[in-house]
Amino acid sequence: MLGATGQIGRAAVRALAADGWEVTAASRGGDRDGTWDAGVRAVAVDRDEEGALEKALGDGCDVLVDMVAFDGAHARQLTGLAGRVGSAVVISSGAVYEDDRGRSFDTQAEPDGFPRFPVPLAETQATVAPGGTTYGTRKVLLERELLAAGDALPVTLLRAGAVHGPYCRTPRELYFVKRLLDGRRRRVLAYGGESRFHPVHVSNAAELVRLAAARPASRLLNAGDPEAPTVAEIASAIDAVFGRETETVPLDGPPPEGGVGETPWSGAHPVVYDMRAAEEQLGYRPVTGYAQSLPETVEWIAGELAGRDWREAFPKMHRNYGEALFDYAAEDAWLEAYDRGRR
């Protein structure tokens with residue numbers, strides 16, 4: 001497995017080992033996770049180093065699971081291994097989709113740019129054009145080049161939703177966890193708190209990997225949890241983990257200037273993946289639900305924050321969202337104006 005010590009990789013190694021596979025867990029550092037079975041072999045592999053992956057494969061393997069394939073170059077690297085690899089399971093992303101007006105996650109910053117997908121969103125939905133400019137276009141290029149290999153290398157591509165669970169570099173739940181740790185008693189939610197962005201817990205993604213490994217074929221499948229909660233439901237579920245109640249102030253429509261009320265799940269229209277293909281083709285049944293999985297995630301995030309600034313604990317989150325993520329001064333100013341308007 002490539003990317004074995006990443007967020008999904010750790011769980012997928014456990015799932016495959018429990019299913020009886022002899023697992024070689026490859027990562028740049030060659031580290032081991034303390035929860036892995038003793039039989040898991042950990043090796044250091046830098047896939048971008050000339051010949052490193054081929055050397056690590058040795059005589060080959062039955063299934064190559066790739067958590068960190070992002071573009072056409074990685075697709076060509078994998079297809080070049082056809083004959084030494086029986087099949088592959090590769091993580092893609094729901095970011096590949098576009099709606100019937102050509103809007104995608106790449107266009108959401110534009111006026112009326114947030115995509116309006118069918119609910120639920122099936123794998124037959126159109127995708128952005130393949131290319132090398134954005135995360136979504138690179139993932140489409142990866143998908144198309146891998147599927148073009150056909151019978152030479154059967155590949156299951158899993159289009160993951162909003163991944164959650166421990167070890168995430170950009171945990172969306174941080175938005176609410178930090179507010180509770182900071183003693184915030186009110187929260188503003190854009191779009192009335194009704195935004196939905198389908199999540200997938202690492203253990204559910206790992207279950208899909210496990211099932212696909214045992215059933216080689218070339219296919220595209222969505223990867224999601226059994227439910228897609230609203231932002232308001234997520235906030236309430238995290239409150240419940242802390243045993244607190246926070247007042248929600250719903251904001252009609254998009255966030256005002258300054259991003260007050262904008263969360264990492266916020267969007268003008270719901271994104272809910274259709275999971276029937278995975279159920280029918282793999283026999284997929286989720287192993288956990290969103291609220292059920294939250295205590296472990298919240299505990300991990302709180303542990304990472306202990307004694308550290310959030311920017312240090314989650315630097316990629318800061319790069320992606322900036323200071324506006326926790327601009328309490330802007331929130332308080334908006335709430336003060338809101339309260340005056342209600343008098």
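The following paragraphs examine the structure supplied in this document. (Residues numbered from 1 in each chain as written. Predicted model: local features only at pLDDT ≥ 70, side-chain atom pairs only at ≥ 80, totals over all residues. Heavy atoms only, no water.)

1. Some thoughts on the overall build of the chain
Under the convention used in this document: Per the convention used, a helix needs a DSSP run of H or I reaching at least four residues, while a strand needs a run of E reaching at least two, with both numbered from the N terminus. As a reference, a globule follows 2.2 Å times the number of residues to the power 0.38, and the radius of gyration itself is taken over C-alpha atoms. Partly exposed describes any residue whose relative accessible area lies between the buried limit of under 20% and the exposed limit of over 50%, with all areas from a 1.4 Å probe on protein chains only and scaled to the type maximum. Positive: Lys, Arg. Negative: Asp, Glu. His and the chain ends are not part of the count. Each charge is placed at NZ for Lys, CZ for Arg, CG for Asp and CD for Glu.
A count of helices and strands for the chain gives twelve helices and ten strands. Taking 2.2 N^0.38 as the reference for a compact globule, 343 residues should give roughly 20 Å; the C-alpha atoms of the chain span a radius of gyration of 21 Å, in line with that estimate. Projected onto its principal axes, the C-alpha coordinates of the chain cover approximately 75 × 45 × 35 Å. In the chain, which comprises 343 residues, the share counted as buried stands at 52%. Placing the 38 positive and 51 negative side-chain charges of the chain at their respective mean positions leaves the two points 1 Å apart.

2. Topic: the layout of surface pockets
Threshold: For cavity detection a 1 Å grid was placed over the protein atoms alone, and a set of points counts as a cavity when a 1.4 Å probe fits there but cannot get out; an open set counts as a pocket when protein lies on both sides within 12 Å along at least five of seven lines, with lining residues being those that have an atom within 4 Å of a point. Grid points are joined across faces, edges and corners, and a volume is the space filled by probe spheres set on the points. We call Asp, Glu, Lys and Arg charged. Ala, Val, Leu, Ile, Met, Phe, Trp, Tyr, Cys and Pro are nonpolar, and the rest, Gly among them, are polar.
Computed from the structure, the second largest pocket encloses a volume of approximately 460 Å³. As for the second largest pocket, its lining consists of 21 residues, of which Met-1, Glu-22, Thr-24, Cys-61 and Val-63 are closest to the centre. Those elements that place two or more of their residues in the lining of the second largest pocket are strand 1 (24-27), strand 2 (41-44), helix 2 (52-57) and strand 3 (61-66). By residue class, the composition of the lining of the second largest pocket is 16 nonpolar, two polar and three charged.

3. With respect to the environment of Glu-173
The condition that has to hold: N or O atoms within 3.5 Å of each other form a polar contact, as long as, within protein, one can give a hydrogen and the other can take it, and as long as residues adjacent in sequence are counted only when both atoms are side-chain atoms.
Within the secondary structure, Glu-173 is located in the loop between strand 6 (162-164) and helix 5 (174-181). A residue is classified by how much of its surface remains accessible, and Glu-173, at 2% relative accessible area, is buried. Taking C-alpha positions, Glu-173 is 8.3 Å from Ile-234, a pair spaced 61 residues apart along the chain. A distance of 2.5 Å separates the side chain of Glu-173 from the side chain of Tyr-290, its partner in a polar contact.

4. Describing the sheet that holds strand 4 (residues 85-93)
Under the convention used in this document: Here a strand pair is declared whenever DSSP counts at least two bridges between the two strands. Lines fitted to the C-alpha atoms define the axes, with helices restricted to the stretch that makes contact. Angles between their N-to-C directions range from 0 to 180 degrees. By definition in these notes, contact holds between two residues if any of their heavy atoms fall within 4.5 Å.
Reading across from one edge, 3-4-5-9 is the order of the four strands in this open sheet, with parallel pairing throughout. Each edge of the sheet is formed by a strand with only one pairing partner; in this case those strands are strand 3 and strand 9 (219-223). The sheet shows a mean angle of 20° between the axes of neighbouring strands, taken without regard to direction. Helix-sheet contacts for helix 4 (residues 135-147) involve strand 4, strand 5 (155-160) and strand 9, and the interaxial angle to strand 4 is about 160°.

5. Some remarks on the environment of Asp-19
Assignment of secondary structure puts Asp-19 in the loop between helix 1 (7-18) and strand 1. Linking Asp-19 and Arg-210, residues 191 residues apart in sequence, is a C-alpha distance of 7.6 Å. At 3.2 Å, the side chain of Asp-19 forms a polar contact with the side chain of Arg-210.

6. What about the packing of helix 5 against helix 7 (residues 231-242)?
Convention followed: We call two directions roughly parallel when the angle between them is under 35 degrees, roughly antiparallel when it is over 145, roughly perpendicular when it lies between 65 and 115, and oblique otherwise. Take the far helix as your reference; a near helix turned counterclockwise from it by less than a right angle gives a left-handed crossing, and one turned clockwise gives a right-handed crossing.
Contact geometry of helix 5 with helix 7 gives a least axis separation of 10 Å together with a crossing angle of 45°. Regarding the angle of helix 5 to helix 7, the classification is oblique. In the crossing of helix 5 with helix 7, the sense of the turn from one axis to the other is right-handed. Packed against helix 5, whose contacting residues are Phe-176, Val-177, Leu-180 and Leu-181, the element helix 7 presents Val-231, Ile-234, Ala-235, Ile-238, Asp-239 and Phe-242 at the interface. Among the residues making up the contact of helix 5 with helix 7, the classes are represented as nine nonpolar, no polar and one charged.

7. Digging into the environment of Phe-197
Along the chain, Phe-197 falls in the loop between strand 7 (186-189) and strand 8 (199-201). Overall, the relative accessible area of 17% leaves Phe-197 in the buried class. Spatially, the C-alpha atoms of Phe-197 and Gly-243 are 25 Å apart, while their sequence positions differ by 46 residues. Ignoring sequence-local partners within four residues, the contact set of Phe-197 consists of Phe-105, Ala-162, Arg-172, Pro-264, Trp-265, Val-271 and Tyr-273.

8. Things to note about the nonpolar core
Threshold: The definition of a nonpolar core used throughout is a set of buried Ala, Val, Leu, Ile, Met, Phe, Trp, Tyr and Cys residues joined through side-chain atoms within 4.5 Å.
Core analysis: the biggest nonpolar cluster contains 38 residues, and Phe-105, Leu-174, Phe-176, Ile-238, Trp-265 and Phe-314 have the highest contact counts within it. Counting only elements with at least two residues in this core, the list comes to helix 5, helix 7, helix 9 (290-305) and helix 10 (310-313). In terms of residues, this core owes the most to one element, helix 9, which gives six residues. Not counting the four nearest positions on each side in its chain, Phe-105 is found in contact with Gly-94, Ala-95, Phe-114, Pro-115, Phe-117, Phe-197, Val-271 and Tyr-273. Core analysis: the second largest hydrophobic core is formed by 37 residues, Ala-11, Leu-16, Trp-36 and Ala-277 among them.

9. Structural notes on the side chain of Gln-77
Looking at the element boundaries, Gln-77 is found in helix 3 (residues 72-79). A residue is classified by how much of its surface remains accessible, and Gln-77, at 16% relative accessible area, is buried. Residues within four places of Gln-77 in sequence aside, it is in contact with Arg-47 and Leu-53.

Spatial relationships are all this shows, so hold off on functional conclusions.
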